[in-house]
Amino acid sequence: MTAARAGSAGQKLRELLLSRIHDVPDYPKPGVMFKDITPLLADAEAFGALTEAFAGLCERYGATKVVGLEARGFILAAPVAVRAGIGFVPVRKAGKLPGATLAQSYELEYGTAEIEMHADALDSGDRVLVIDDVLATGGTAEASLQLIRRAGAEVAGVAVLMELGFLPGRERLEGALDGAPLEALIIV
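Reference entry: report on the structure contained in this document. Residue indices follow the written sequence of each chain, beginning from 1 at its first position. Owing to the predicted nature of the model, reporting of local features is limited to residues with pLDDT of at least 70; listing and counting of side-chain atom pairs is limited to 80 or more, with chain, interface and lining totals taken over all residues. Side-chain figures throughout are based on the complete set of non-hydrogen atoms in the structure, without hydrogens or water.

## Quick word on the nonpolar core
Item 1. Buried Ala, Val, Leu, Ile, Met, Phe, Trp, Tyr and Cys residues form a nonpolar core when they are joined through side-chain atoms within 4.5 Å. The classification of residues rests on relative accessible area computed with a 1.4 Å probe and restricted to protein chains. Under 20% of the type maximum is buried, over 50% is exposed, and intermediate values are partly exposed. Grouped together as the largest cluster of nonpolar side chains are 30 residues, with contacts concentrated most on Leu17, Leu40, Leu50, Phe54, Val66, Ile131 and Leu161.
Item 2. Counting residues per element, the ones that place at least two in this core are helix H1 (3-19), helix H3 (44-60), helix H4 (72-84), strand E7 (127-135), strand E8 (154-163) and strand E9 (182-187).
Item 3. Where helices and strands are cited, they refer to DSSP runs of H or I of at least four residues and of E of at least two residues respectively, numbered from the N terminus. By residue number, the principal contributor to this core is H3, which donates eight residues.
Item 4. Only heavy atoms matter for contacts: two residues are in contact if any of them lie within 4.5 Å across the pair. Those residues in contact with phenylalanine 54, other than ones at most four positions away along the chain, are Leu76, Val80, Leu129, Ile131, Ala159, Val160, Leu161 and Leu185.
Item 5. Residues Val91, Val160, Leu177 and Leu182 belong to the second largest nonpolar core, which totals 28 residues.

Structural data, given as structure tokens:
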């Protein structure tokens with residue numbers, strides 16, 4: 001595929017996805033414009049196109065596992081893993097997984113949070129693509145990259161449906177990515 005054709009296909013995908021994402025003003029609080037992806041998920045064509053795009057990134061970056069970040073990242077990453085023929089690993093809020101886990105704390109604007117994954121979910125030879133719906137401040141994604149490396153696996157990259165370009169998520173992740181790609185299908 002030529003670069004021009006690939007760019008055109010990418011633009012068509014962005015237009016399709018954006019047409020299925022609804023703005024909800026003043027949710028969850030006044031002044032916030034919430035990007036609701038549930039209409040996208042309810043549309044088989046749009047959800048299928050999103051899944052194919054992410055599965056293509058798995059192939060391009062040689063991913064052997066997909067990590068989905070709680071909670072909407074689960075919805076996006078699980079079908080991608082099935083489509084790409086690779087494993088899916090959930091990264092959850094602390095205290096939600098049974099058995100032995102690895103935990104990683106990270107800073108929020110006001111306080112801290114913690115995420116976990118099963119201690120045996122990744123192997124040293126795994127290349128892991130992290131998938132989530134939105135990149136905002138980058139805290140959860142950064143913590144997931146630390147977890148992946150602590151488990152002995154390699155970061156293949158991070159892929160998100162939407163990046164909120166007016167927030168510092170990309171800058172926060174730059175060092176943590178250590179050269180791995182960050183792919184945002186839509187930047188708003």
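## Side note on the sheet that holds strand E6 (residues 111-118)
Item 1. The rule for pairing is simple: two strands pair if DSSP sees at least two bridges between them. The mixed open sheet is built from seven strands, whose spatial order is E5-E6-E4-E3-E7-E8-E9. Edge positions in the sheet fall to strand E5 (101-108) and E9, since each has one partner strand and no second. Neighbour-to-neighbour, the strand axes of this sheet turn through a mean angle of 20 degrees, independent of strand direction.
Item 2. One ladder, built from eight bridges, connects E5 with E6; its direction is antiparallel. Paired with glutamine 104 across the bridge in E6 is isoleucine 115.
Item 3. An axis is simply a line fitted to the C-alpha atoms; with a helix, the fit covers only the stretch in contact. Between two such axes, the angle follows the N-to-C directions and lies from 0 to 180 degrees. Most of the contacts of H4 go to strand E3 (residues 65-69), to which it runs at about 160 degrees, and overall it touches E3, strand E4 (87-93), E7 and E8.
Item 4. In the packing of helix H5 (residues 139-150) onto the sheet, the strands contacted are E3, E4, E5, E6, E7 and E8, and the crossing angle to E5 comes to about 150 degrees.

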